Every structure is written in structure tokens, then in C-alpha cells.
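# Structural features, examined
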Amino acid sequence: MTEPQENYSADAEASSTDPHDWGRAMALAVTRLAEQLAPEGSEDIHTSLVGKDLRLKIRDGAAGVTITVSTAPVEDLDE
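Below you will find a few notes about this structure.

About the cut-offs
- Residues numbered from 1 in each chain as written.
- Predicted model: local features only at pLDDT ≥ 70, side-chain atom pairs only at ≥ 80, totals over all residues.
- Heavy atoms only, no water.
- Helix = DSSP H or I, 4+ residues; strand = E, 2+ residues; numbered from the N terminus.
- Buried < 20%, exposed > 50% of the residue type's maximum accessible area, 1.4 Å probe, protein only.
- Expected span 1.5 Å × (residues − 1).
- Contact = heavy atoms within 4.5 Å.
- Pairing = 2+ DSSP bridges.
- Core = buried A, V, L, I, M, F, W, Y, C linked by side-chain atoms within 4.5 Å.
- Polar contact = N/O pair within 3.5 Å; in protein donor to acceptor, adjacent residues only side chain to side chain.

This brings us to the overall build of the protein chain. Tallying secondary structure elements over the protein chain gives 1 helix and 3 strands in all. Taken from the N to the C terminus, the helices and strands of the protein chain come in the order β-α-β-β. Looking at the protein chain residue by residue over its 79 residues, the buried ones come to 27%.

Between the first and last C-alpha of helix H1 (residues 23-37) there are 21 Å, a value that for 15 residues agrees with the 21 Å anticipated at 1.5 Å per step. Of all the positions in H1, only Ala25, Ala29, Leu33 and Ala34 are classed as buried. Against strand E1 (9-14), strand E2 (54-60) and strand E3 (65-71) lie the buried residues of H1.

The next point concerns the pairing of E2. One ladder, built from 7 bridges, connects E2 with E3; its direction is antiparallel. Residue pairing across strands places isoleucine 58 opposite isoleucine 67, the latter belonging to E3. Counting the residues between successive antiparallel strands, the hairpin from E2 to E3 contains 4 residues.

Counting through the fold element by element, arginine 24 comes out in helix H1. Under the relative-accessibility criterion, arginine 24 is labelled exposed at 75%. Once the C-alpha coordinates of arginine 24 and alanine 14 are considered, the two residues, 10 residues apart in sequence, prove to be 7.7 Å apart.

With 12 residues, the main nonpolar core is built from Ala10, Ala12, Ala14, Trp22, Ala25, Ala29, Leu33, Ala34, Leu49, Val65, Ile67 and Val69. Those elements that place two or more of their residues in this core are E1, H1 and E3. It is H1 that provides the largest number of residues to this core, a total of 4 residues. Among all residues touching tryptophan 22, those that are not within four sequence positions of it are Ala14, Ser16, Thr17, Ile58, Val65 and Ile67.

Let's shift gears to the side chain of threonine 68. With respect to the element layout, threonine 68 can be found in strand E3. There is a polar contact of 2.5 Å between the side chain of threonine 68 and the side chain of aspartate 11. Those residues in contact with threonine 68, other than ones at most four positions away along the chain, are Ser9, Ala10, Asp11, Arg55, Leu56, Lys57 and Arg59.

What follows is the structure, given as C-alpha cells:
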């Protein structure tokens, strides 16, 4: 039996509504998420994301979009 896992999330804003311009905001959101998951003082924060299922949500923002990346069990993605 697996233990319940906490879900973490991180946001970043893109100043454009064009998906071609969202790369930097997605990278920032992923980095912020990795910082939350990594052990304190870790220099290899990217390893905290390896093997994790991530959820991506894009919402309209004031001048562009808000991108949220979160951890969530795969079965929760259909909600």
C-alpha cells in the first residue's frame, strides 16, 4: 500500500498569450516546484523531479497567462 503524498505547486506568469512565448515561464514554474521538493541545501534540485508525474495548468492572466506546475497522482489529472 502506498502512502498519500502531499501535492506541491508553483506558478509563473508569461506576458504573452502566444504559446511560443511560454517557455521561460514554464521553466521558472518547474524550477520553483523543484526547489520546494528538494531537500534543504541540495545542489541537484532537478533530481527531485525525476520520475514524478507533473500536472500543467494554464489560466488567462492580466497580460498573458499564468502557468501552474504541480505534483499530482496520475489518476487526479482527469478532474
